[in-house]
Amino acid sequence: MTDVTADPGPGPADETDYQRVQRSPEFQDLRRRFRNFVFPMTALFLVWYFVYVLLANYAHDFMSTKVWGNVTVGLLLGLGQFVSTFAITMIYARWANKRFDPAADELRHEIEEDEL
């Protein structure tokens, strides 16, 4: 009769470098920082986008209100979509350069030093 035992899975000795880094508190903190910035910013943009789409679909009179010459509220809000996209990109780039990238670089250097 053969001895059938359950495989306990990978232990610390079987752990890959990626798994070790992924479990590290530094990496978890990096993920938390990223999510705390990106998720609210994404939600804000999606709400703004869907408000624009709903207004365009259901508030024709409001969206066709002329502001100046042939420029309407709908046109201004549509251009605002482009402006907000660029603004979010610039805000993210500034945030990443100041708060995210330095921590990611530090973690990368720690990982590379351990490999040598």
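Definitions and limits used
Residues numbered from 1 in each chain as written. Predicted model: local features only at pLDDT ≥ 70, side-chain atom pairs only at ≥ 80, totals over all residues. Heavy atoms only, no water. Helix = DSSP H or I, 4+ residues; strand = E, 2+ residues; numbered from the N terminus. Contact = heavy atoms within 4.5 Å. Areas by Shrake-Rupley, 256 points an atom, 1.4 Å probe, with all protein chains shown as cover. Core = buried A, V, L, I, M, F, W, Y, C linked by side-chain atoms within 4.5 Å. Buried < 20%, exposed > 50% of the residue type's maximum accessible area, 1.4 Å probe, protein only. pLDDT = per-residue confidence, 0-100. Phe/Tyr/Trp six-rings, centres within 6.5 Å; stacked < 30°, edge-to-face > 60°. UniProt positions renumbered as here; feature names shortened; annotations may be inferred.

## Looking at the overall build of the protein chain
Then step 1. Helix and strand content of the protein chain: four helices and two strands.
Then step 2. When the elements of the protein chain are put in sequence order from the N terminus, they spell out α-α-α-β-β-α.
Then step 3. Residue pairs at least 24 apart in sequence account for 59% of intrachain contacts in the protein chain once pairs closer than 6 positions are excluded.
Then step 4. Split by element, the accessible area of the protein chain, about 9,300 Å² in all, is 63% carbon and sulfur.

## Some remarks on the nonpolar core
Then step 1. Val 21, Leu 30, Phe 37, Val 38, Met 41, Trp 95, Ala 96, Phe 100, Leu 107 and Ile 111 together form the largest nonpolar core, which totals ten residues.
Then step 2. Sorting the residues of this core by element identifies helix H2 (25-58) and helix H4 (73-115) as the ones contributing at least two each.
Then step 3. Leaving out residues up to four positions away in the same chain, Leu 107 has contacts with Val 21, Ser 24, Glu 26, Phe 27 and Leu 30.

## Let's talk about the confidence of the model for the protein chain
Then step 1. Summing up the model confidence of the protein chain, the mean pLDDT is 86 and the portion of residues at 70 or higher is 87%.
Then step 2. Ranking the elements of the protein chain by mean pLDDT puts helix H1 (residues 17-23) last with 82 and strand S2 (residues 71-72) first with 95.

## A closer look at the environment of Gln 81
Then step 1. Mapped onto the secondary structure, Gln 81 falls in helix H4.
Then step 2. Given a relative accessible area of 9%, Gln 81 falls into the buried group.
Then step 3. Separated by 29 residues in sequence, Gln 81 and Tyr 52 place their C-alpha atoms 8.4 Å apart.
Then step 4. Gln 81 has contacts with Phe 45, Trp 48, Tyr 49 and Tyr 52, leaving out every residue within four places of it along the chain.

## Thoughts on the packing of aromatic side chains
Then step 1. Within the structure shown, the criterion is met by six aromatic pairs.
Then step 2. Ring geometry for Phe 37 and Tyr 92: centres 5.9 Å apart, planes at 45 degrees, overall tilted. Placement of Phe 37 in helix H2 and of Tyr 92 in helix H4 is noted, with a sequence separation of 55 residues between them.
Then step 3. The buried category is assigned to Phe 37, whose relative accessible area is 16%.
Then step 4. Plain terms: the ring middles of Phe 37 and Trp 95 are 4.4 Å apart, the flat faces sit at 10 degrees to each other, and that makes the pair stacked. In this pair, Phe 37 is assigned in helix H2 and Trp 95 in helix H4, connecting sequence segments 58 residues apart. In this structure, Phe 37 and Trp 95 share a single accessibility class: buried.
Then step 5. In this structure an aromatic cluster arises from ring pairing among Phe 34, Phe 37, Tyr 92, Trp 95 and Phe 100.

## Looking at the UniProt feature "transmembrane region" (unreviewed entry) in the protein chain
Then step 1. Taking the numbering used here, the UniProt-annotated feature "transmembrane region" (unreviewed entry) corresponds to residues 37-59 and 71-93.
Then step 2. When the span residues 37-59 is considered, its composition is 96% helix and 0% strand, and the gap between its end C-alpha atoms is 32 Å.
Then step 3. Regarding residues 71-93, the helix share stands at 91% and the strand share at 9%, and the terminal C-alpha atoms are separated by 32 Å.

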